[in-house]
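As a plain string of letters, each chain reads:
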Amino acid sequence: MAVDIVIYHNPECGTSRNALAMIRNAGIEPHVIEYLKTPPSRALLVELIDRAGITPRDLLREKGTPYAELSLSDTSLSDEALVDAMMAHPILINRPLVVSPLGVKLCRPSEAVLDLLPSGQLAAFAKEDGEQVVDASGQRVA
């Protein structure tokens, strides 16, 4: 059974790399979109935010971005203004954002991706920092 999964990915981000590795550990080769090179359209970004059940503010990334310089902590800013900022500066889009037949989710922490995978893990999995996420039988570690 082919499974269509899309990951909006930044290869420089450990959380994103871990989520991608867990998708592949389930035997699925996702569509990998390096969103800094190929950002989503405004309409798609708004749709992804809506489907994930979050707000634009929930998707904003602060660390390593122009968040402070753009005064994005200002709570009076509208959702449209926050989306405008993400469109102008895609680095503000937090990652990884994963789309699967089971839903759309900002996968922070990376093991949140397991909730979106229709098949189980094929092998044990530990994150880059050594934290065990899946045991040898393919079960999520509590």
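Source: prediction; values computed, not measured.

Engineer: Help me out: how do you make sense of the overall build of the protein chain in this one?
Structural biologist: Helix and strand counts for the protein chain come out as four helices and six strands. Counted from the first residue to the last, the protein chain has its helices and strands arranged as β-α-β-α-α-α-β-β-β-β. The C-alpha radius of gyration of the protein chain comes to 16 Å, within 12% of the 14 Å expected for a compact globule of 142 residues. For the protein chain, the spread of C-alpha atoms along the principal axes amounts to about 50 × 30 × 25 Å. The buried share of the protein chain, reckoned over its 142 residues, is 44%. Taking all contacts inside the protein chain whose residues are at least 6 apart in sequence as the whole, residues at least 24 apart take part in 58%. Separation of charge centres in the protein chain, based on 13 positive and 19 negative side chains, amounts to 3 Å.

Engineer: Help me out: how do you make sense of unusual backbone geometry in this one?
Structural biologist: Omega for the bond connecting Arg95 with Pro96 falls within 30 degrees of zero, at 0 degrees, which places this linkage in the cis form. Of note, Pro96 is situated in the loop between helix 4 (79–88) and strand 3 (97–100). Cis peptide bonds are those with omega within 30 degrees of zero, and the linkage from Arg108 to Pro109 qualifies with 5 degrees. With respect to the helices, strands and loops of the structure, Pro109 is situated in the loop between strand 4 (103–106) and strand 5 (125–126). The residue Ser71 is not glycine, and still its phi comes out positive at about 55 degrees. One can find Ser71 in the loop between helix 3 (56–59) and helix 4.

Engineer: Is there a simple way to think about the pattern of salt bridges in this case?
Structural biologist: Working definition: two side chains of opposite charge can pair if their charged atoms are close together. In the structure shown here, the tally under the stated rule is nine salt bridges. Linking Asp115 and Lys105 is a salt bridge whose minimum nitrogen-to-oxygen distance equals 3.0 Å. One end of the pair, Asp115, is in the loop between strand 4 and strand 5; the other, Lys105, is in strand 4, and ten residues separate them in sequence. For Asp115, a relative accessible area of 43% gives the class partly exposed. Lys105 gets classed as partly exposed once you look at its relative accessible area, which sits at 28%.

Engineer: Got a minute to help me understand the sheet that holds strand 4 in this structure?
Structural biologist: Sheet architecture is open: four strands sit in the order 2-1-3-4, paired in mixed fashion. On the outer flanks of this sheet lie strand 2 (31–34) and strand 4, each paired with one strand and no other. Strand-to-strand, the axes of this sheet are offset by a mean angle of 15 degrees, without reference to chain direction. Here four bridges tie strand 1 (residues 6–9) to strand 2, and the two strands are oriented parallel to one another. Considered in strand 2, the bridge of Tyr8 is made with Ile33. Contacting strand 1, strand 2 and strand 3, helix 1 (residues 14–25) runs over the sheet at an angle of about 160 degrees to strand 1. Of the strands in this sheet, strand 1, strand 3 and strand 4 touch helix 2 (residues 42–52), which is tilted by about 95 degrees from strand 4.

Engineer: Would you take a moment to explain helix 4 for this structure?
Structural biologist: One turn of the α-helix equals 3.6 residues, which is why residues spaced by three or four share an orientation. Where helix 4 is concerned, the buried positions are Leu82, Val83, Ala85 and Met86. Summarising the axial view, the buried residues of helix 4 lie within an arc of 155 degrees, below the 170-degree limit, and thus occupy one face. Tucked into the core, helix 4 has its buried residues touching helix 2 and helix 3.

What counts, and at which threshold
- Residues numbered from 1 in each chain as written.
- Predicted model: local features only at pLDDT ≥ 70, side-chain atom pairs only at ≥ 80, totals over all residues.
- Heavy atoms only, no water.
- Helix = DSSP H or I, 4+ residues; strand = E, 2+ residues; numbered from the N terminus.
- Rg over C-alpha atoms; globule rule 2.2 N^0.38 Å.
- Buried < 20%, exposed > 50% of the residue type's maximum accessible area, 1.4 Å probe, protein only.
- Contact = heavy atoms within 4.5 Å.
- Lys, Arg positive; Asp, Glu negative; His and termini not counted.
- Charge placed at Lys NZ, Arg CZ, Asp CG, Glu CD.
- Salt bridge = Lys/Arg side-chain N within 4 Å of Asp/Glu carboxyl O.
- Pairing = 2+ DSSP bridges.
- Axes fitted to C-alpha atoms, helices over the stretch in contact; angles between N-to-C directions.
- Arc of directions from axis to C-beta.

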